[in-house]
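# An overview of the molecular structure
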Amino acid sequence: MRRLDIGIASYGNPARLGACLRSIGAHSVTDYRVFVIHNPGSPQDTQARQVIETARAQNPRVIPLWEDINRGYAGSVKKLQEIAETEYIAYLDNDAEIHTPGWDEMLCGYLDRFHEIGLVFPGGGAYQIQRPGYREILWGVGFCWILSRMALTDTGPFDDQIGHQEEADYCMRIRMAGYRCACAPDVKVSHHATATNDPASIERISRGVVNFVNKWCRYFGGKTLNYHSPNVLRWEDWPPNALYLEEYWRARLNGLNDAPEVRHIEGRDYDLIRVPRFKDFYRGRII
C-alpha cells in the first residue's frame, strides 16, 4: 500500500478543522499520516486544540505539531515540506472537506502516470489545456494539492515571505523547474474559504499581492520595476506564464496573428502583433 504524508495548516476554526479531519479518515485509502501543524493565537485556539487531541485519540494516524508562533499558511506548508518523508506530499487547508472516496490514490495516480506533472490539484484550475490523459493548468487554488518529492527537490520549498499568492508563486516555479501543474476534475474537495473571507485578512491579502508582483517584476525586469511602476510587468507578462498562455490562446483565437498589420518605421518593417490581455490594464502600452 502506498504511504502518503498529509499536512494541514491549523489556526482556530475548530468546526471546519474537525470536518476536514473526519473527511480524511472517511475517504483516504493510502497508508497515510496527517501532520496537523497548529499555529497558536486564534480566539478559538483552545477549541481547535481540543479538536486535534480528540482526532488523535480516535485516529493514531493524526500527528499534532504544536508551533510556538503563528507561521501561517505558507510557513506551515514549508514545515510540511521539511518533515514529510513520502514520495508524494499532500496538503489541505483546515477548512477543506473531501467528498471523493480514494481521493488520495486518485491524485497520486496522476503523478504516477505522468512524470512531467509536479503538482496536481483536485477539481479545476486556471487556463486549462487538455493533454493526453490529463488537464494542465497555469495555477490552482492552494486549499488542496499533492506534490511530487522530485519536483520539491528541484523547486525548493514554499516562499513564506510573500503573504499571499504562495500557491500561484509555486506553480510558476514548478514550470520554471521543468514540470507541469495539473487538475483532476474527478476529485471533489470543497473549500469554505474561512480565512480569506475574514475582513481582517483583506490587508494581508492585498499586501501579499503587491509583494508577489514585486518579487517577479524585479526578477524579470530589474530591481527598479515594481507593482506601482507605470510599465509594471503583470502576471501574464512573466515569461513562464506568457509562454503557457501563448499555447492556451492559440487554441482559442485561431489565426489571430496570421496576417498582422505591417508598419514601416525608420527603414524597417514591423508586424503589429495582437496579444490577449485583461481589459483596461494595457491601454496606452506598447509592450
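Residues numbered from 1 in each chain as written. Predicted model: local features only at pLDDT ≥ 70, side-chain atom pairs only at ≥ 80, totals over all residues. Heavy atoms only, no water.

## Regarding the packing of helix H6 (residues 166-176) against helix H8 (residues 239-250)
- Running from amino to carboxyl end, H6 crosses H8 at an angle of 80°, the nearest separation of the two axes being 9 Å. Between H6 and H8, the crossing angle belongs to the class labelled roughly perpendicular. Residues Met 172, Arg 175 and Met 176 of H6 lie in contact with H8, whose contacting residues are Pro 240, Asn 241 and Tyr 244.
- Of the residues in the contact of H6 with H8, the class split is 4 nonpolar, 1 polar and 1 charged. (Axes fitted to C-alpha atoms, helices over the stretch in contact; angles between N-to-C directions. Helix = DSSP H or I, 4+ residues; strand = E, 2+ residues; numbered from the N terminus. Parallel < 35°, antiparallel > 145°, perpendicular 65-115°, else oblique. Contact = heavy atoms within 4.5 Å. Nonpolar A, V, L, I, M, F, W, Y, C, P; charged D, E, K, R; others polar.)

## So, the pairing of strand E1 (residues 3-10)
- In terms of residue burial, E1 counts as a mostly covered element, since 7 of its 8 residues are buried.
- Bridge count between E1 and strand E2 (residues 31-38): 8 bridges; the pairing is parallel. Bridge pairing links Arg 3 to Asp 31 in E2.
- On the question of chirality, the crossover connecting E1 to the parallel E2 by way of helix H1 (residues 14-27) is right-handed. (Buried < 20%, exposed > 50% of the residue type's maximum accessible area, 1.4 Å probe, protein only. Pairing = 2+ DSSP bridges. Right-handed = clockwise from strand over helix to strand, strands pointing away.)

## Looking at helix H2 (residues 45-58)
- Given a rise of 1.5 Å per residue, 14 residues ought to cover 20 Å, and the 20 Å separating the end C-alpha atoms of H2 matches this to within 8%.
- For H2, every residue scored as buried is listed here: Asp 45, Ala 48, Ile 52 and Ala 55. Here the buried residues of H2 occupy an arc of 90° about the axis, which is enough to place them on one side. The exposed set on the far side of H2, more than 90 degrees from its buried face, consists of Thr 46, Ala 57 and Gln 58.
- On its buried face, H2 is in contact with E1, H1, E2 and strand E3 (62-66). (Expected span 1.5 Å × (residues − 1). Arc of directions from axis to C-beta.)

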